[in-house]
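Listed below are the residues making up each chain.
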Amino acid sequence: MQCPQCGTHNPEGSEWCSLCLVRFDRLVEESTPSEARVHVAERALPSAAAVGAGLEGKGDVEVVAGPLRKAGDVVEWVCPRCERANPLDLTSCGLCGTSFYEAFGPQEQETPTTSRSAPVAAGLSVLPGAGHFYLGRPAEGVVRLMLAVWWISTGLLVRSSPGPLLLVKVTYLLAAGVLVLLSVADAYRAAEDAKAPALLSRRVVMYGSLALIGLLMMSLAIATQIST
């Protein structure tokens, strides 16, 4: 037996389609035998709670799959918002208008959080990377700590005499300060929401590091030309 609505082949004698769950005795023939439509009977529908209270004890209500319910010979879907039972023919709830597909779609999940204190994570991040170690993110912690050591040491070791290297010194120390601020903010955000995107992303780290390396190499070349 082939379903006139979706074309699925079903065993002979089936009462409804195994794919779209439309009852065959509710299919009404139109102008030609190959064309059919679903006849939707307009009737007052009880809520899911009423259906369960009135029919479950009689053995007439059973769960088919997820929000689907079988009440006697009728297969219905229960609205996830207002809990009204709707005939399977309806694509939206007759009470609140919720789409049928929302009942089968992925449910919203709570924002994942950590068990760590956000203020503590932010306070530890004054030393870049320490807060991420505290949050159980050692890889991010190592990257931030290495950047801090590199930028601060370069800024302190470069001569502060006037010239192109003074720009390098100031730029590296400013970059280290920005690194501290971003690490504090990222650690706090990560403690509040485990999926919060990092302000100091991999792209920012890559392009920032390349820019600082280029500045250092250019300043060294200029300083060498001036000294000679």
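Heads up: the structure comes first, above all this text.
Residues numbered from 1 in each chain as written. Predicted model: local features only at pLDDT ≥ 70, side-chain atom pairs only at ≥ 80, totals over all residues. Heavy atoms only, no water.

> I would appreciate a short explanation of empty space enclosed by the protein in the present structure.
Gaps left between atoms show up when a probe the size of a water molecule is rolled over them. Enumeration over the complete set of coordinates arrives at two cavities of 30 Å³ or more. In this structure, the second largest cavity occupies an estimated 40 Å³ of space. For the second largest cavity, the full set of lining residues is His-132, Arg-137, Glu-140, Asp-186, Arg-189, Ala-190, Ala-196, Pro-197 and Ala-198. At three residues, helix 6 (residues 164–192) tops the list of elements feeding residues into the lining of the second largest cavity. Looking at side-chain class alone, the lining of the second largest cavity contains four nonpolar, one polar and four charged residues. (1 Å grid on protein atoms, 1.4 Å probe; cavity = no way out; pocket = protein on both sides within 12 Å on 5 of 7 lines; lining within 4 Å. Points joined across faces, edges and corners; volume = space filled by probe spheres on them. Helix = DSSP H or I, 4+ residues; strand = E, 2+ residues; numbered from the N terminus. Nonpolar A, V, L, I, M, F, W, Y, C, P; charged D, E, K, R; others polar.)

> Would you take a moment to explain the layout of surface pockets for this structure?
Taken as a whole, the largest pocket spans an internal volume of roughly 230 Å³. Around the largest pocket, the lining residues are Ala-139, Glu-140, Val-143, Arg-144, Ala-198, Leu-200, Ser-201, Arg-202 and Val-205. If you list the elements that add at least two residues to the lining of the largest pocket, you get helix 5 (138–157) and helix 7 (202–227). The residue makeup of the lining of the largest pocket, split by class, is five nonpolar, one polar and three charged.

> Can you walk me through the packing of helix 6 against helix 7 in this structure?
Contact pair helix 6 / helix 7: the axes reach a minimum separation of 8 Å and the direction vectors enclose 160°. On the basis of their axis angle, the class for helix 6 and helix 7 is roughly antiparallel. Where helix 6 crosses over helix 7, the two elements pack in a sense that is left-handed. On the side of helix 6, the interface is formed by Pro-164, Leu-165, Leu-167, Val-168, Thr-171, Tyr-172 and Ala-175, while helix 7 contributes Leu-212, Ile-213, Leu-215, Leu-216, Ser-219, Leu-220, Ile-222, Ala-223 and Ile-226. Counted by class, the contact of helix 6 with helix 7 contains 14 nonpolar, two polar and no charged residues. (Axes fitted to C-alpha atoms, helices over the stretch in contact; angles between N-to-C directions. Parallel < 35°, antiparallel > 145°, perpendicular 65-115°, else oblique. Left-handed = near helix turned anticlockwise from the far one by under 90°. Contact = heavy atoms within 4.5 Å.)

> In this structure, what is going on with the pairing of strand 5 (residues 74–78)? I would like to understand it.
The side chains of a regular strand alternate, first on one face of the sheet and then on the other. Counting buried positions over the five residues of strand 5 gives four, a clear majority of the element. Pairing between strand 5 and strand 6 (residues 85–87): three bridges, direction antiparallel. The residue of strand 6 that forms the bridge with Trp-77 is Asn-86. Connecting strand 5 to the antiparallel partner strand 6 that follows it, the hairpin turn spans six residues, and Glu-83 within it adopts a positive phi of roughly 65°. (Buried < 20%, exposed > 50% of the residue type's maximum accessible area, 1.4 Å probe, protein only. Pairing = 2+ DSSP bridges.)

> It is not clear to me how the side chain of His-132 should be interpreted in this structure. Could you clarify?
With respect to the secondary-structure elements, His-132 resides in helix 4 (residues 130–134). Polar side-chain contacts of His-132 include one of 3.5 Å to the side chain of Arg-144. (Polar contact = N/O pair within 3.5 Å; in protein donor to acceptor, adjacent residues only side chain to side chain.)

> I would appreciate a short explanation of helix 5 in the present structure.
Because each turn of an α-helix spans 3.6 residues, side chains separated by three or four positions end up pointing in the same direction. In a regular helix each residue adds 1.5 Å, so 20 residues correspond to 28 Å; helix 5 covers 28 Å between its end C-alpha atoms and thus fits that length. Three or more residues of helix 5 are buried, namely Gly-141, Arg-144, Leu-147, Ala-148, Trp-151, Thr-154 and Gly-155. Considering only its buried residues, helix 5 is in contact with helix 4, helix 6 and helix 7. (Expected span 1.5 Å × (residues − 1).)

> How do you make sense of the packing of aromatic side chains when you look at a structure like this?
The description of two aromatic rings rests on the distance between their centres and on the angle between their planes. Following the criterion strictly, the structure yields two aromatic pairs and no others. The interplanar angle of 50° and the centroid separation of 6.1 Å between the aromatic rings of Trp-150 and Trp-151 together place this pair among those described as tilted. We classify Trp-150 as partly exposed; its relative accessible area is 27%. Every member of this aromatic cluster is reached through a ring pair, and the members are Trp-150, Trp-151 and Tyr-172. Above the face of the Tyr-134 ring, Arg-116 is positioned so that its terminal group lies 4.9 Å from the ring centre. (Phe/Tyr/Trp six-rings, centres within 6.5 Å; stacked < 30°, edge-to-face > 60°. Lys NZ or Arg CZ within 6 Å of the ring centre and 35° of its normal.)

> Can you walk me through helix 6 in this structure?
With 29 residues, helix 6 extends 43 Å from end C-alpha to end C-alpha; this agrees with the ideal 42 Å at 1.5 Å per step. Every buried residue of helix 6 is listed here: Leu-165, Val-168, Lys-169, Tyr-172, Ala-175, Ala-176, Leu-179, Ser-183, Asp-186, Ala-187, Ala-190 and Ala-191.

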